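# A closer look at the structure
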Amino acid sequence: MANDSPLVVQLRDAVVLAGGFPLLSGVTLELHAGSLTVVTGANGAGKTSLLRLLAGLVALSSGSATVAGVDLGTGDPRLLRRRVGWLGHEGSFYDDLTVRENLVFAARALERPTGEIESVVAHVGLAGRIDTPTKQLSAGQRRRLGLGWLLLRRPQLWLLDEPYASLDDEGRGFFDALLGDVVAGGATVVVSAHDPLRSASLRPRTLHLAGGRIVGDAS
Amino acid sequence: MIRTALLVAGKDLRIELRSRVLLWQVVPFGVMALLLSGLALGPANAGHSSAGPGLFYLVVLLVALLMINRSQAVESTPGTRSSVATLGLDPAGVFLGKALALATELWLTGLVLLAGAVLFLHTALHGALVALPSIVVTLAALAAAGTLYGALTAGGGGAATLLPVLALPAFAPLLIAGERSFSAALGGGALWEWWVIIAVALAAYLAIGILLYGVLEES
Amino acid sequence: MIKLLSQRLLGPVTLLALAATLWMGLVVTPPDKVQGDLARLVYVHPALAWVALYLSFGTATIASGLYLWKRTRSMVMDRVAHSAMEVSLVFIVLTLITGSIWGRPTWGVWWAWDARLTSTAILGVLALGYLALRRANDDPTLRARRSAVLAILAAINVPIIHFSVQWWKTLHQGATVFTASRTLLIHGSMAWTLLLSFVAFTMLFFWLLRARYRLEVQRERTSGQSLRDALEERRREGAF
């Protein structure tokens, strides 16, 4: 592992509560820049909660956490959110807008040039569907659009919540290749999945979650 | 802030243009509610009642409730809230943008309902035109208040039923001020008191929205 | 020592003051020349309204504002706001009931479209909405934030509602306290009783607020206990 590269994620006994229920019951974790990590575990193990904590979307109840240089206890969550990219398995965009309109919205929000959109769309293989409303896309195509949204944003930390769910082999292969590029480019990627990644090209660190904490860690 | 506001307003209006929920669901509902108001007055009063302005505003409030829920619903499709949150938009700008889009929709719907009041309830056309400025400002205040109350109830238990309980007491002064100034316009006069109420309400909601919308989004 | 004594004494002294108000209001003071015994409601209704609309609503607003202010943000403020709003709702309902009882013989109807009556009723729905919002959100932080914003919105609405309804129509008998202060010249006991009623109901407010607050702390303490258990239990899910 490239342990001399800077730390992007540093969690110590991180607890996240929702209505008194501990979604995360004490997670200690360090992730370096340019690393790929897969978080596995059963439903309700805390995979999505961990990713949401890293995105600054849920509050830290106790413990300490620093993500992308922002302290989750005292820092500005908006600053953190601008540095991370989130892709949920459900989609993540405005259904009534087209592929292009969704990307234009994201680019404008982040004050990025909109000129890259066409090439990003071509990169994720949606060139023919650029003016299709998002709700008409298949699950796999939506996932590709999500990747396009992240490519456009170039976040420091990529958080992908079950990106492999309901993808065919071609889609998986495409995903693996793209994640390989991203990691090679220096970004940090955390992926949640039901099962360990069965990829020929990627050598991720695999964390196993159960009961809201890490119970297994294999590089 | 203004840039974010225009971006968000443009996005909301574009979604509305695509989905046509306003045209096919909200406006027909409003027209039907006006017709029902006429029926409720009884055959003797339906055509020549002084209740026109009051019924107009009552229907506007009902329609506004639907539109507020709709305005929040476009943000609530699974995953959208998370990925939009990671854009790190300025909350004050988001508030202004959503309020502006809602106001635009309310103005359009208000015009149709005003025509309906002239047609069905025989409200004098000249008076309706004189009342137009007060209607425009009252609906803007409704939009600002509605955006706040929409964000307060979004995602909580029973959002659709909670919204009216919270919003209607706050809408009451706007209903009163709007109705009174409309009636005054029909009678050929104008009363400054009602402009004070409308302007103070508009200013208060805009100020609270700009200051506190971020608190509501942080969740 | 003084704090402990005042905590111990608040309840009994409140009851004593209420009993004294009752006795003065029903026995010592004479009936009104025009309204007769009905006027004795003056020893209850204005004091109830004072607690409902100013004291408790004001307390809830200030506590909510302090919660929203980052430097003073704490769950203490959230609990105070919640407790005060609940007390407010109770007093608003009592104000409406006593107002209605008073209005029936005076106006001839239970509900007149009187400005203060109407705006108080709207405020009652506001307070109800606040409590409904709290029930709809389970997460304590989210609930605290949302209800604090709603309380501020409600506070801003109070004058707007008041003036809009006031201007809409007024047929109330005018400011009651001033009427009473005029009778002060004739019957000193009436003014003293009125003053006592304000003191007694203000103390009742603080007593109820404290009780409600302590209940909330107790409730959270038991859920805090179960939090440790919940954490343990959650971790055990992970043990093989």
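As the structure is a computational prediction, the values presented were derived from the model and not from experiment.

Let's shift gears to the overall build of chain A. When helices and strands are tallied, chain A shows 6 helices and 10 strands. Taken over C-alpha atoms, the radius of gyration comes to 17 Å for chain A, in line with the 17 Å a tight globule of 219 residues would show. Once the C-alpha set of chain A is aligned to its principal axes, its extents read approximately 45 × 40 × 35 Å.

The next subject is the overall build of chain B. Within chain B, the regular secondary structure consists of 8 helices and 0 strands. Listing each helix as α and each strand as β along chain B from the N terminus yields α-α-α-α-α-α-α-α. Relative to a compact globule of 219 residues, whose C-alpha radius of gyration would be 17 Å, chain B shows 18 Å and is just as compact. If you line up chain B on its principal axes, its C-alpha atoms span 55 × 35 × 30 Å. Burial status across chain B gives 52% buried among its 219 residues. Nonlocal contacts in chain B, meaning residues at least 24 apart in sequence, comprise 83% of its contacts between residues at least 6 apart.

Once that is clear, we can look at the interface of chain C and chain A. In this assembly, 12 residues from chain C lie in contact with 12 residues from chain A. Looking at which element gives the most residues to the side of chain C that touches chain A, the answer is helix H7 (residues 188-237) of chain C, with 8 residues.

Counting residues in each nonpolar core, the largest one holds 190 residues, and the members touching the most others are Leu54 and Leu159 of chain A, Ala141 and Ala145 of chain B together with Ala81 of chain C. The element that contributes the greatest number of residues to this core is helix H6 (residues 125-153) of chain B, accounting for 15 residues. When near neighbours in sequence (up to four residues on either side) are disregarded, Leu54 of chain A contacts Val9, Val67, Val84, Leu157, Leu159 and Val190 of chain A.

On to the packing of helix H3 (residues 75-107) of chain C against helix H4 (residues 115-136) of chain C. Residues and elements named next belong to chain C. At a minimum axis distance of 9 Å, the contact between H3 and H4 shows a crossing angle of 150 degrees. Judged by the inter-axis angle, H3 sits roughly antiparallel to H4. Relative to H4, the crossing made by H3 is left-handed. Contacts from His82, Met85, Glu86, Ser88, Leu89, Ile92, Val93, Thr95, Leu96 and Gly99 in H3 reach Leu117, Thr120, Ala121, Leu123, Gly124, Ala127, Leu128, Tyr130, Leu131 and Arg134 in H4. Its residues assigned to classes, the contact of H3 with H4 shows 12 nonpolar, 6 polar and 2 charged.

All right, on to the sheet that holds strand E6 (residues 84-87) of chain A then. Residue and element names in this part refer to chain A. An order of E6-E7-E8-E3-E9-E10 is seen for the 6 strands of this open sheet, with the pairing classed as mixed. The open sheet has two edge strands, E6 and strand E10 (213-218), and neither has a second partner. Between one strand axis and the next, the sheet turns by 20 degrees as a mean value, whatever way the strands run. Across 5 bridges, the pairing between strand E9 (residues 205-210) and E10 is antiparallel. Residue Leu209 lies in a different strand from E10, and its bridge partner there is Ile214.

To continue, consider the pairing of strand E7 (residues 157-161) of chain A. Residues and elements named next belong to chain A. Of all the 5 residues making up E7, 5 are buried; the element is thus mostly covered by neighbouring parts of the structure. Residues of E7 alternate between two faces, with Leu157, Leu159 and Asp161 on one and Trp158 and Leu160 on the opposite face, all of them buried. Both E7 and strand E8 (residues 188-193) contribute to a ladder of 5 bridges, which runs parallel. Looking across to E8, one finds that Trp158 is bridged to Val189.

A few words on the environment of Val165 of chain B. Of note, Val165 of chain B is situated in helix H7 (residues 159-186). Note: C-alpha distance between Val165 of chain B and Leu148 of chain B (17 residues apart in sequence) is 14 Å. Here Val165 of chain B is in contact with Leu128, Gly129 and Ala132 of chain C, once residues within four sequence places are set aside.

Residues and elements named next belong to chain B. In contact at an axis separation of 9 Å, helix H3 (residues 52-73) and H6 are set at 55 degrees when each is read in the N-to-C sense. Taken as axis vectors, H3 and H6 run oblique relative to one another. The interaxial crossing formed by H3 with H6 has right-handed handedness. Of H6, the residues touching H3 (which contributes Ala64, Ile68, Asn69, Ser71 and Gln72) are Leu142, Gly146, Thr147, Tyr149, Gly150 and Ala151. Tallied by class, residues from the contact of H3 with H6 come to 5 nonpolar, 6 polar and no charged.

The rules behind these values
Residues numbered from 1 in each chain as written. Chains lettered and ligands numbered in written order. Predicted model: local features only at pLDDT ≥ 70, side-chain atom pairs only at ≥ 80, totals over all residues. Helix = DSSP H or I, 4+ residues; strand = E, 2+ residues; numbered from the N terminus. Rg over C-alpha atoms; globule rule 2.2 N^0.38 Å. Buried ≥ 20, exposed ≤ 12 C-beta atoms within 10 Å, placed from the backbone. Contact = placed C-beta atoms within 7 Å. Core = buried A, V, L, I, M, F, W, Y, C linked by C-beta atoms within 7 Å. Axes fitted to C-alpha atoms, helices over the stretch in contact; angles between N-to-C directions. Parallel < 35°, antiparallel > 145°, perpendicular 65-115°, else oblique. Left-handed = near helix turned anticlockwise from the far one by under 90°. Nonpolar A, V, L, I, M, F, W, Y, C, P; charged D, E, K, R; others polar. Pairing = 2+ DSSP bridges.

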